[in-house]
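Inside the fold
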Amino acid sequence: MMIEVCGVTKSYGAGDATVHALNRVDLSVSAGEMLFLMGPSGSGKTTLLSIMGCILRPTSGAVRIAGQEVTGLSERQLPRIRLEQIGFIFQGFNLFPALTVRENIELALNLKGIRGNESRRRSEVLLERVGLRDKAGQWPTNLSGGQKQRVAIARALAGEPGIILADEPTAALDGTTGRAILDLLRELAHEKGRTIVVVTHDNRALPYADRIVTIEDGQISGQGPEKGDG
Ligand SMILES: Nc1ncnc2c1ncn2[C@@H]1O[C@H](COP(=O)(O)OP(=O)(O)O)[C@@H](O)[C@H]1O
Ligand SMILES: [Mg+2]
């Protein structure tokens, strides 16, 4: 198993203001699997994705990434796991506005120790893969929402992480662009053995899932291989 979440609970805040975002969640995702996480707004999807991505610690429970228990790791050890294992694609793109498209990708490569000509070459390959090679010199503000999301995906792929976590990756995209992105993610799962977890509300995305897990009120309420009918 690439990701193992065991009995994970997450609460935000304290006292009367405590929000119980996740309640004893168990979920495993294997290498090469494209798993979709669905559920109403506020059900805990982003919280679960953030815990799987080691950007948020659970209140209790265990998380293993590629066999390694991460909940006990220190604040100094966690960034290394994130850097080596995980690529994120967020709802809000999170591109650096003062860097060009290519520089946004190269920055991610540099953080992974890939520099100079090699970083330049790889950034071009990544932009080609998401159909944006001709936008390499553009500023993020000059791109459409869909193009920004494709840059974010290219950036998440920098350093070839084993795990890609995507929060509503097609929300800002038209149907054709959204399908192209999902095709790309599925290819990464099935042909490159990446583990892909996608949070989505988009029913058009369902045919792309190997498995669909639904979450309600912080608990897994349904799980199955059936596609697109639930
Ligand atoms: N940083 C936070 N502080 C307090 N409450 C939060 C925080 N993040 C999320 N929550 C709450 O936790 C619950 C789950 O949120 P979230 O994981 O974002 O759900 P989803 O992604 O399914 O919409 C919601 O009730 C939300 O308001
Ligand atoms: Mg969310």
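To keep things clear, this report deals only with the structure shown in the data block. (Residues numbered from 1 in each chain as written. Chains lettered and ligands numbered in written order. Predicted model: local features only at pLDDT ≥ 70, side-chain atom pairs only at ≥ 80, totals over all residues. Heavy atoms only, no water.)

Here we take up the site of ligand 1. Lining the immediate environment of ligand 1, one finds Tyr12, Val19, Ala21, Pro40, Ser41, Gly42, Ser43, Gly44, Lys45, Thr46 and Thr47. Contact between ligand 1 and serine 43: an oxygen atom at 3.2 Å from a main-chain N or O atom of the residue. One nitrogen or oxygen atom from the main chain of glycine 44 is found 3.1 Å from an oxygen atom belonging to ligand 1. The protein chains hide 58% of the 560 Å² of surface that ligand 1 would expose on its own. Of all the secondary structure elements, the ones that give two or more residues to the shell around ligand 1 are β2 (19-29) and α1 (45-52). Considering each element in turn, the shell around ligand 1 owes the most residues, 3 residues, to α1. Split into classes, the residues belonging to the shell around ligand 1 amount to 4 nonpolar, 6 polar and 1 charged. (Near = heavy atom within 4 Å. Polar contact = N/O pair within 3.5 Å; in protein donor to acceptor, adjacent residues only side chain to side chain. Areas by Shrake-Rupley, 256 points an atom, 1.4 Å probe, with all protein chains shown as cover. Helix = DSSP H or I, 4+ residues; strand = E, 2+ residues; numbered from the N terminus. Nonpolar A, V, L, I, M, F, W, Y, C, P; charged D, E, K, R; others polar.)

So, about a nonpolar patch on the surface. A cluster of nonpolar side chains, Leu83, Phe96, Leu107 and Leu111, forms an exposed patch at the surface whose accessible area comes to about 360 Å². You can see leucine 83 is positioned in helix α2 (residues 78-85). On the basis of relative accessible area, leucine 83 is assigned to the partly exposed category, the value being 35%. (Patch = residues over 30% accessible without salt bridge, like charges linked within 9 Å, V, L, I, M, F, W, Y side chains within 5 Å. Salt bridge = Lys/Arg side-chain N within 4 Å of Asp/Glu carboxyl O. Buried < 20%, exposed > 50% of the residue type's maximum accessible area, 1.4 Å probe, protein only.)

Take the sheet that holds strand β8 (residues 195-199) next. Ordered by their spatial adjacency, 6 strands build an open sheet running β6-β7-β8-β3-β9-β10, and the pairing between neighbours is mixed. Two strands bound the open sheet, and with one partner strand each, they are β6 (86-89) and β10 (219-224). Each adjacent strand pair in this sheet contributes to an overall mean axis angle of 20°, direction not counted. Docked against the sheet, α1 engages β3 (34-38), β6, β7 (163-167), β8 and β9 (211-216), running at close to 160° with respect to β7. (Pairing = 2+ DSSP bridges. Axes fitted to C-alpha atoms, helices over the stretch in contact; angles between N-to-C directions. Contact = heavy atoms within 4.5 Å.)

Overall, the coordinates contain 2 cavities of 30 Å³ or more when judged by the stated rule. There is about 50 Å³ of room inside the largest cavity. Lining the largest cavity are Ile51, Cys54, Leu56, Arg57, Pro58, Val63, Val70, Thr71 and Leu78. Residues belonging to the lining of the largest cavity are distributed by class as follows: 7 nonpolar, 1 polar and 1 charged. In terms of lining residues, the second largest cavity is bounded by Thr170, Gly175, Gly178, Arg179, Leu182, Asp202, Arg204 and Ala205. (1 Å grid on protein atoms, 1.4 Å probe; cavity = no way out; pocket = protein on both sides within 12 Å on 5 of 7 lines; lining within 4 Å. Points joined across faces, edges and corners; volume = space filled by probe spheres on them.)

Here we come to the layout of surface pockets. Approximately 410 Å³ is the volume attributed to the largest pocket. Lining the largest pocket are 16 residues, with Phe88, Ala108, Leu111, Lys112 and Arg155 sitting closest to its centre. Listing elements by their share of the lining of the largest pocket, those giving two or more residues are α2, β6, α3 (101-111) and α5 (145-156). Broken down by element, the lining of the largest pocket gets its largest block of residues, 4 residues, from α3. Residues that form the lining of the largest pocket fall into these classes: 10 nonpolar, 3 polar and 3 charged.

Further remarks concern α3. Within α3, the full set of buried residues consists of Val101, Arg102, Asn104, Ile105, Glu106, Ala108 and Leu109. Positive backbone phi, at 85°, marks glycine 113, one or two positions downstream of α3.

Turning next to the nonpolar core. Counting 39 residues, the largest nonpolar core has Met34, Phe36, Leu185 and Ile196 as its most contacted members. Of all the elements in the fold, those that place two or more residues in this core are β3, α3, α4 (116-129), α5, β7, α6 (175-192) and β8. With 6 residues, α6 is the single largest residue contributor to this core. Contact partners of phenylalanine 36, with chain neighbours within four places excluded, come to Leu182, Val198, Thr200, Ala205, Leu206, Tyr208, Ala209, Arg211, Ile212 and Val213. Membership of the second largest hydrophobic core comes to 29 residues, among which are Ile3, Val29, Leu35 and Leu48. (Core = buried A, V, L, I, M, F, W, Y, C linked by side-chain atoms within 4.5 Å.)

Purely geometric numbers; function is a separate question.
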